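The chain contents come next:
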Amino acid sequence: MRATHFGAGNIGRGFIGEILAKNGFSIDFVDINATIIDALNERKEYTIELADENKEQIHVGNVDGLNNQTNPEAVVDSVAAADIVTTAIGPNVLPFIAELIAKGIQKRKAENSTVPVDVIACENMIGGSQFLFEKVKEYLTDEDMAYVEAYVGFPNAAVDRIVPIQHHEDPLFVSVEPFSEWVVDQTQCKNKELQLSNVTYVEDLEPYIERKLFSVNTGHATVAYTGAYAGYQTIDEAIGHQEVLAQLRAVLEETGSLLIAKWGFDREQHQAYINKIVSRFENPHISDSIDRVARTPIRKLGYDERFIRPIRELKKRELGYMHLIEVVAMILKYQDPKDEQSVQLQAMLKDQPLETVIAKVTGVNDDTLITEIAVEYNK
């Protein structure tokens, strides 16, 4: 079986590539990074190392590289022949590959291919595949769309694996944490026969997306901002501090109460999930810098983002959320002169009333919540 994967970076090679290879696929990696693409074509293989004390190494073979900048025709041919198409390139880059995928679909149609194929965006975003589909549609005719309806799926997915910042002499070597989770909405799949091992297929993806967003993303950011407030530089250094760990567990207890109430997750199973997340953040082999995890504070304070959305939903259900409020106050206090949003946020707080800034950056119009955040900030 053949896979076309857009994004030959660390996540593409170290996460999606590993699972595709384990399922017996040959993989065409598509990227504009000439160093990586040339190395893939020269060696046809690479090594993944699991970031723990055992440092187990995994060999991935039967791979090629395609440079979509210099050889777009080859990318179109790859999509046209693929049994699955995946991405791990970042949400902002998805629109730039849409035309190539559209042309690949058109070639499948021209060749009268009736082999169903799914295009799965493995991005850190909600509704990534459907977002990509909207961009692909801009290049398709009504006739093409009828073909897509019959044979091409864009199932949304939730993905989770920490890949630390790293630099190696070998451009293909990649270190990743042992844990990984890839969940796919099977109701949107066209190729029902193809079920990848190490991938979970579900009827409703939203609970799993929210579980990841409100646990992993909220938790990681909690360690970063609480750690920054306490003067630490790295995630594993910060979580070794009892107060930071206690804050993390308290926040995950609050978001967990929301997930259990909203989606019916089993309480014991969810506690095990929380414990797993904490152990992942404590792994010294995947330590990340606090300034990287804490970057773009204004975005992280967004109305539907990892703090404000659970706060709003917890308040609506009359469940506790004050530890989340404490972290929001720390985000407002966070200062990093190298981060554009941090600088912008501090300038806003200097020039405008606190309550006005809170309302602007969070989108919240609930006076009680705004006051609770302001009170915590002023402590």
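The residue numbers shown here count from 1 along each chain, following its written sequence. This being a predicted model, a pLDDT of at least 70 is required before a residue's local features are given, and a value of 80 or more before pairs of side-chain atoms are given or counted; all residues contribute to the totals for chains, interfaces and linings. The side-chain values count all of the structure's non-hydrogen atoms but skip hydrogen atoms and water molecules.

A. Broad picture of the UniProt feature "domain: Mannitol dehydrogenase N-terminal" (unreviewed entry) in the chain. UniProt positions are given in the numbering used here, feature names are shortened, and annotations may be inferred rather than shown by experiment. Mapped onto this numbering, the UniProt entry annotates "domain: Mannitol dehydrogenase N-terminal" (unreviewed entry) at residues 1–197. Elements are defined by DSSP. Helices are runs of H or I of four residues or more, strands are runs of E of two residues or more, and each kind is numbered from the N terminus. Across residues 1–197, helical content stands at 36% and strand content at 25%; the span's end C-alpha atoms are separated by 14 Å.

B. Just the sheet that holds strand β11 (residues 181–185), in detail. Note on pairing: two strands pair once DSSP finds at least 2 bridges between them. Across the sheet, 3 strands lie side by side as β9-β11-β12; this open sheet has mixed pairing. Each of the sheet's edge strands pairs with one partner strand only, and the pair in question is β9 (157–160) and β12 (200–202). When the angles between neighbouring strand axes are averaged without regard to direction, this sheet yields 15°. Whether two residues are in contact is decided by their heavy atoms, any of which lying within 4.5 Å being enough. Interaxial angles span 0 to 180 degrees and are taken between N-to-C directions of axes, which are lines fitted to C-alpha atoms, for helices over the stretch in contact. In the packing of helix α7 (residues 206–229) onto the sheet, contacts are made with β9, β11 and β12, and the angle to β9 comes to roughly 30°.

C. Examining the pattern of salt bridges more closely. Every case where a carboxyl oxygen of Asp or Glu lies within 4 Å of a side-chain nitrogen of Lys or Arg is listed as a salt bridge. Under the criterion given, the structure shown has 25 salt bridges. Its salt-bridge partner being Lys109, residue Asp144 comes within 3.4 Å of it at the nearest N-O pair. Of this pair, Asp144 sits in helix α6 (residues 142–151) while Lys109 sits in helix α4 (residues 94–110), placing them 35 residues apart in sequence. The cut-offs for exposure are 20% and 50% of the maximum accessible area for each residue type, with area from a 1.4 Å probe on protein chains only; residues under the lower value are buried, those over the upper are exposed, and the others partly exposed. Residue Asp144 is classed as buried on the basis of its relative accessible area of 5%.

D. Expanded view of the packing of helix α14 (residues 322–333) against helix α17 (residues 367–378). Direction vectors running N to C along α14 and α17 enclose 65°, while the axes themselves pass 8 Å from each other. As for the relative orientation of α14 and α17, their crossing is right-handed in sense. Here Met322, Ile325, Glu326, Val328, Ala329, Leu332 and Lys333 of α14 lie close against α17, whose contacting residues are Leu369, Glu372, Ile373, Glu376 and Tyr377. Here the term charged refers only to Asp, Glu, Lys and Arg, the term nonpolar to Ala, Val, Leu, Ile, Met, Phe, Trp, Tyr, Cys and Pro, and the term polar to all other amino acids, Gly among them. Residue classes in the contact of α14 with α17 are distributed as 8 nonpolar, no polar and 4 charged. Helix crossings fall into two classes, left-handed where the near helix is turned counterclockwise from the far one by less than a right angle and right-handed where it is turned clockwise.

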